[in-house]
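# Residue-level structural notes
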Amino acid sequence: MTAIAILLLAAGASSRMQGRDKLMEEVEGQPLLTLMCRRATLSGLPVFVTLPSLSHPRADATGDATQVPVPDAAEGMAASIRRGTAALPAETEAVMILPADMPEITAQDILHLAAHYRGPDSPILRATAEDGTPGHPVLFPRRCFAALKSVRGDQGARSILKAETVQPVPLPRRHALTDLDTPEDWADWRRRR
């Protein structure tokens, strides 16, 4: 497969979790971050994971993923995107950005999105729910890297998505949408399972 890297965003503060760390919540008998790093690694693609610091408790949960510290993580998602994109090897042709709090994304989903990549001229690929609602992960070709390295604030890469052609790639059910930000989200999700 072409040189696609996966960038797992795991430097957020879990600020809506009332003191708990959503990425250390248990899923399938392990911390969510460990599970997401393992699924990403199972794709066979190189995996990079952003962290608030290399001494953060999450650092022990990343498996074989390459850790990328984000000292300015308090700024929001853009800091993770900037630092993560800057840390990618020179030969990387595209980056698949995936928030680490999405427990329904599987290795198969990652491979399905990657299979739609068509080289340097590929549109941005954005995972959607079955009904077409846009979600994550999002795959950006190399031509977007300069823009990714300059995003600001907590809007992530929305400005880039507005400026480029984006091809939707449906994933099963609500895989591309399920992110768990609050204790209530976690309780509801666990109940539904």
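That block above? That's the structure.
Below: a short report on this structure. It should be emphasised that the depicted structure is a prediction, and the values quoted were computed from it without experimental measurement.

Reading the values: rules and limits
- Residues numbered from 1 in each chain as written.
- Predicted model: local features only at pLDDT ≥ 70, side-chain atom pairs only at ≥ 80, totals over all residues.
- Heavy atoms only, no water.
- Helix = DSSP H or I, 4+ residues; strand = E, 2+ residues; numbered from the N terminus.
- Rg over C-alpha atoms; globule rule 2.2 N^0.38 Å.
- Contact = heavy atoms within 4.5 Å.
- Areas by Shrake-Rupley, 256 points an atom, 1.4 Å probe, with all protein chains shown as cover.
- Lys, Arg positive; Asp, Glu negative; His and termini not counted.
- Charge placed at Lys NZ, Arg CZ, Asp CG, Glu CD.
- Core = buried A, V, L, I, M, F, W, Y, C linked by side-chain atoms within 4.5 Å.
- Buried < 20%, exposed > 50% of the residue type's maximum accessible area, 1.4 Å probe, protein only.
- Arc of directions from axis to C-beta.
- Pairing = 2+ DSSP bridges.
- Axes fitted to C-alpha atoms, helices over the stretch in contact; angles between N-to-C directions.

### Thoughts on the overall build of the chain
A count of helical and extended segments in the chain gives 6 helices and 9 strands. For 193 residues, the compact-globule formula gives about 16 Å, and the C-alpha radius of gyration of the chain, at 15 Å, lands near that figure. In terms of principal-axis extent, the alpha carbons of the chain reach across some 40 × 35 × 30 Å. Put simply, of all contacts in the chain between residues at least 6 apart along the chain, 69% involve residues at least 24 apart. Entry remark: accessible area of the chain is about 9,000 Å², with carbon and sulfur atoms responsible for 51%. Treating the 22 positive side-chain charges of the chain as one cloud and the 23 negative ones as another, the clouds have centres 3 Å apart.

### Brief notes about the nonpolar core
Ranked by internal contacts, the top residues of the largest apolar core, which has 39 residues, are Ile4, Ile6, Leu8, Leu33, Met96, Ile110 and Leu139. Among the secondary structure elements, those contributing two or more residues to this core are strand 1 (4-9), helix 1 (32-42), strand 4 (47-51), strand 6 (94-99), helix 3 (107-115), strand 7 (124-128) and helix 6 (183-192). With 6 residues, the top contributor of residues to this core is helix 1. When residues no more than four places from it in sequence are discounted, the contact partners of Ile4 are Leu45, Pro46, Ala94, Met96, Ala114, Tyr117 and Leu139. By size, the runner-up hydrophobic cluster in this structure holds 20 residues, among which are Leu7, Leu9, Phe48 and Ile97.

### Side note on helix 3
Note: α-helices contain 3.6 residues per turn, so residues at a spacing of three or four share the same orientation. If you check which residues of helix 3 are buried, you get Ala107, Asp109, Ile110, Leu113 and Ala114. Across the axial projection of helix 3, the buried residues extend over an arc of 160°, all falling on one side. Close packing links the buried residues of helix 3 with strand 1, helix 1, strand 6, strand 7, strand 8 (134-141) and strand 9 (166-170).

### Quick look at the environment of Gly84
By the element assignment, Gly84 lies in helix 2 (residues 77-86). Using a relative accessible area of 0% as the deciding quantity, one classes Gly84 as buried. For the pair formed by Gly84 and Val49, sequence separation is 35 residues and the distance between their alpha carbons is 7.4 Å. Contacts of Gly84, omitting those with residues within four sequence positions, involve Leu7, Thr50 and Val68.

### Some points on helix 6
Of all the residues in helix 6, the buried ones are Pro183, Trp186 and Trp189. Down the axis of helix 6, the smallest arc covering the buried residues is 130°, so these residues share one side. In helix 6, those exposed residues whose orientation departs by more than 90 degrees from the buried face are Arg191 and Arg192. Taken together, the buried residues of helix 6 touch strand 2 (26-27) and helix 1.

### What to know about the sheet that holds strand 8
Strand order in the open sheet formed by 7 strands is 5-4-1-6-8-7-9, and the pairing between neighbours is mixed. Edge positions in the sheet fall to strand 5 (66-69) and strand 9, since each has one partner strand and no second. Neighbour-to-neighbour, the strand axes of this sheet turn through a mean angle of 25°, independent of strand direction. Sheet analysis places strand 6 next to strand 8, joined by 4 bridges and oriented antiparallel. By the bridge assignment, Met96 is partnered in strand 8 with Leu139. Along the sheet, helix 2 contacts strand 1, strand 4, strand 5 and strand 6; its crossing angle with strand 1, the most-contacted strand, is approximately 150°.

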